[in-house]
Each structure stands twice: as structure tokens, then as C-alpha cells.
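# Observations on the model geometry
Below, each chain spelled out in residue letters.
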Amino acid sequence: MTQQHPITPPPSELVLQWIGEFFGCTAGGELSDSERFLTTRAAQWGADQELEACCDWFKAKHWIEPEFTDELRAARRPKPPSLKEQALDELDGIAAVFRMSHGGDLVCDKIRRVLEQLDD
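Residues numbered from 1 in each chain as written. Predicted model: local features only at pLDDT ≥ 70, side-chain atom pairs only at ≥ 80, totals over all residues. Heavy atoms only, no water.

## Let's talk about the pattern of salt bridges
Overall, the coordinates contain five salt bridges when judged by the stated rule. Here D92 makes a salt bridge to R112, at a shortest N to O gap of 2.4 Å. Here R112 lies in helix α5 (residues 104-117) and D92 lies in helix α4 (residues 83-98), a separation of 20 residues in the sequence. Between D109 and R112 there is a salt bridge whose closest N-O contact spans 3.7 Å. A residue pair is termed a helical-turn pair when its members lie 3 or 4 positions apart in one helix, as D109 and R112 do in helix α5 at three residues. Linked through salt bridges whose partners overlap, the residues forming this network are E52, D70 and R73. (Salt bridge = Lys/Arg side-chain N within 4 Å of Asp/Glu carboxyl O. Helix = DSSP H or I, 4+ residues; strand = E, 2+ residues; numbered from the N terminus.)

Now the structure itself:
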């Protein structure tokens, strides 16, 4: 769903156990980049499927309003802050320093207004 997926991939030891089960041997050593990538994506895909199944189940039971499933998705799969959101957060920190100097608030307010007009 997102590039910054909050699902933790399986530990390397478990992946090595699965590889050993597949090949009928004992696997050891380090995971390759492709093994790590595939197991991480598989964990993310499985978690996304489970989340969607839960949302569908809640809606089918009429236990929650449909818009709450959007909130559930947003809470369980948060998107990383946009560049605009990051810039506004940084500006808040800079504004505190500028308040000490004459006219600092005006400068920060102008920058904030420009940033808020940008698309996310």
C-alpha cells in the first residue's frame, strides 16, 4: 500500500527455516537481498489482505460506519508525511527562533502561506 510500510518482516532465522524446509536441508548464513525483499513484501501483502478482510467484515456486520474503515486503514497503514508537511513542521521550529528577532514572525508567516498553497 505504501512505501513506508509499518509491518515488521519475519526474522532472518524464520526465513532461513522456511528455506531449509523448502529445499529439505538446513539453511544458514545471511539472507540475500532478494530473499529479504521478497519475505518483507510477502509479510506486507499478507497484512494488507488481513486488514482489508477485517474492514470488509466490519462493514458486512454493520458494526461500524463505512468511513471508520478509512480511519482504520489510515491508523494501521500511516503514510509518511509529505515534503510539504515536513517543511511546515521544520518552519514551526525555525519560527520559534525567529520570534526573538524583530519581524521574524512576518517572514515565517509568508513562508507558511506559500507552503500551504502547494499540493501535498
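## Describing the environment of W45
Relative to the elements of secondary structure, W45 occurs in helix α2 (residues 33-61). Relative accessible area serves as the criterion here: at 58%, W45 is assigned to the exposed category. Each C-alpha atom of the pair W45 and I7 lies 9.4 Å from the other, and the pair is 38 residues apart in sequence. (Buried < 20%, exposed > 50% of the residue type's maximum accessible area, 1.4 Å probe, protein only.)

## Thoughts on the nonpolar core
Core analysis: the largest hydrophobic core is formed by five residues, namely L88, L91, A95, C108 and L115. Broken down by element, the residue count for this core peaks at three residues, all from α4. Setting aside its immediate chain neighbours within four residues, L88 contacts R112, L115 and E116. (Core = buried A, V, L, I, M, F, W, Y, C linked by side-chain atoms within 4.5 Å. Contact = heavy atoms within 4.5 Å.)

## Remarks on helix α1 (residues 12-23)
Compared with an ideal rise of 1.5 Å per residue, which puts twelve residues at 16 Å, α1 spans 16 Å between its outermost C-alpha atoms and is within 8% of the ideal. Residues V15, L16, I19 and G20 constitute the buried set of α1. The buried residues of α1 occupy one face: seen down the axis, they fall within an arc of 140 degrees. For α1, the exposed residues lying more than 90 degrees away from the buried face are E13 and E21. (Expected span 1.5 Å × (residues − 1). Arc of directions from axis to C-beta.)

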